Amino acid sequence: MNGSDATPTVTGSRTSRRSDATRGAILAAARERFATDGYERATIRAIARDANIDPSMVMRYYGNKEGLFAAAVAIDLRLPDVDGADRRQNAGRTLVEHFLDMWENDEVLTALLRVGVTNQAGAERMQGILRDQLLPVARQVCPDPEQAPARAALMASQLLGLALTRYVLRMPPAVELARAEIVAWLAPTIQRYLTAPSP
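Residues numbered from 1 in each chain as written. Predicted model: local features only at pLDDT ≥ 70, side-chain atom pairs only at ≥ 80, totals over all residues. Heavy atoms only, no water.

## Side note on the overall build of the protein
If you tally the helices and strands in the protein, you get twelve helices and zero strands. Counting from the amino terminus, the protein carries its helices and strands in the arrangement α-α-α-α-α-α-α-α-α-α-α-α. Compactness check: the protein gives a C-alpha radius of gyration of 21 Å against a globular reference of 16 Å for 199 residues, more than 25% above the reference. Along the longest, intermediate and shortest principal axes, the C-alpha atoms of the protein span 70 × 45 × 35 Å. A separation threshold of at least 6 residues defines the contact pool for the protein, and within that pool the share at least 24 residues apart is 68%. When the accessible surface of the protein is split by element, carbon and sulfur atoms take 52% of a total near 11,000 Å². (Helix = DSSP H or I, 4+ residues; strand = E, 2+ residues; numbered from the N terminus. Rg over C-alpha atoms; globule rule 2.2 N^0.38 Å. Contact = heavy atoms within 4.5 Å. Areas by Shrake-Rupley, 256 points an atom, 1.4 Å probe, with all protein chains shown as cover.)

## Description of the pattern of salt bridges
Overall, the coordinates contain six salt bridges when judged by the stated rule. The salt bridge involving Arg179 is made with Asp101; its shortest N-O contact spans 2.9 Å. One end of the pair, Arg179, is in helix H12 (residues 179–195); the other, Asp101, is in helix H6 (residues 91–105), and 78 residues separate them in sequence. Look at Asp101 and you get partly exposed, because its relative accessible area is 36%. A salt bridge links Arg179 to Glu104; the shortest N-O distance between them is 3.6 Å. One end of the pair, Arg179, is in helix H12; the other, Glu104, is in helix H6, with 75 residues separating them in the sequence. By relative accessible area, Arg179 is classed as partly exposed at 31%. The structure contains a network of salt bridges with shared partners spanning Arg33, Asp37 and Asp50. (Salt bridge = Lys/Arg side-chain N within 4 Å of Asp/Glu carboxyl O. Buried < 20%, exposed > 50% of the residue type's maximum accessible area, 1.4 Å probe, protein only.)

## So, H6
Look at H6: 21 Å from first C-alpha to last across 15 residues, which is about the 21 Å you get at 1.5 Å a residue. Among the residues of H6, Ala91, Gly92, Leu95, Val96, His98, Phe99, Leu100, Met102 and Trp103 are the ones counted as buried. (Expected span 1.5 Å × (residues − 1).)

## Brief notes about the packing of helix H10 (residues 148–168) against H12
The contact between H10 and H12 brings their axes to 7 Å, and the two run at 160°. Regarding the angle of H10 to H12, the classification is roughly antiparallel. Crossing angle aside, the handedness with which H10 passes H12 is right-handed. When H10 is examined against H12, the residues Arg151, Leu154, Met155, Gln158, Leu159, Leu162 and Arg166 are found in contact with a partner set consisting of Ile182, Leu186, Thr189, Ile190, Arg192, Tyr193, Leu194 and Thr195. When the residues that make up the contact of H10 with H12 are grouped by side-chain class, the tally is nine nonpolar, three polar and three charged. (Axes fitted to C-alpha atoms, helices over the stretch in contact; angles between N-to-C directions. Parallel < 35°, antiparallel > 145°, perpendicular 65-115°, else oblique. Left-handed = near helix turned anticlockwise from the far one by under 90°. Nonpolar A, V, L, I, M, F, W, Y, C, P; charged D, E, K, R; others polar.)

## A short note on empty space enclosed by the protein
Counted by the stated rule, this structure contains one cavity of 30 Å³ or more. Quantified by volume, the largest cavity comes out at close to 30 Å³. For the largest cavity, the full set of lining residues is Leu77, Phe99, Trp103, Leu109, Met126, Ile129, Leu130 and Leu160. Elements with a minimum of two residues in the lining of the largest cavity: H6 and helix H8 (120–133). The dominant element in the lining of the largest cavity, judged by the number of residues it contributes, is H8, at three residues. Among the residues making up the lining of the largest cavity, the classes are represented as eight nonpolar, no polar and no charged. (1 Å grid on protein atoms, 1.4 Å probe; cavity = no way out; pocket = protein on both sides within 12 Å on 5 of 7 lines; lining within 4 Å. Points joined across faces, edges and corners; volume = space filled by probe spheres on them.)

Rendered as structure tokens:
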């Protein structure tokens, strides 16, 4: 292979890295702006300014604000498998610990929650994520599959309520709770929502 054969590969690699870096900067700026200003008030121009790029680049990569928002809040909750006898008995604990890890290590999820409580587009995005990812978990373990949507909604009420008070509103009593305390309080409630007989 001669030098001319290698040049396009190196150039392409550099271009790809620049493109990835630009996309990353845009998404980081968009998440912060959407979380701070809400969907309606956030503008492509402001996001581009925050990312130190021309607004046309945002449009080039994401088309419009709706496309950018969808990309910025694309979230895989990576929910653990709770099927099997042992896992079913500990599903509440497993899910609470998993969500604590998510809230503490993924600012995208927190940003989406901030947008979701003030904006219809954010709320719909959050509803879609929970419907598509949390509902199948409820279906795995609940005694009556027809009750899975209600049980998933009850589970979400607890998990989102914790996130809102601890990570968004930062209410001191919620912030001060140790992780083990949160798991001890919340896991039995999540377990009950998932597996207890219908009241």
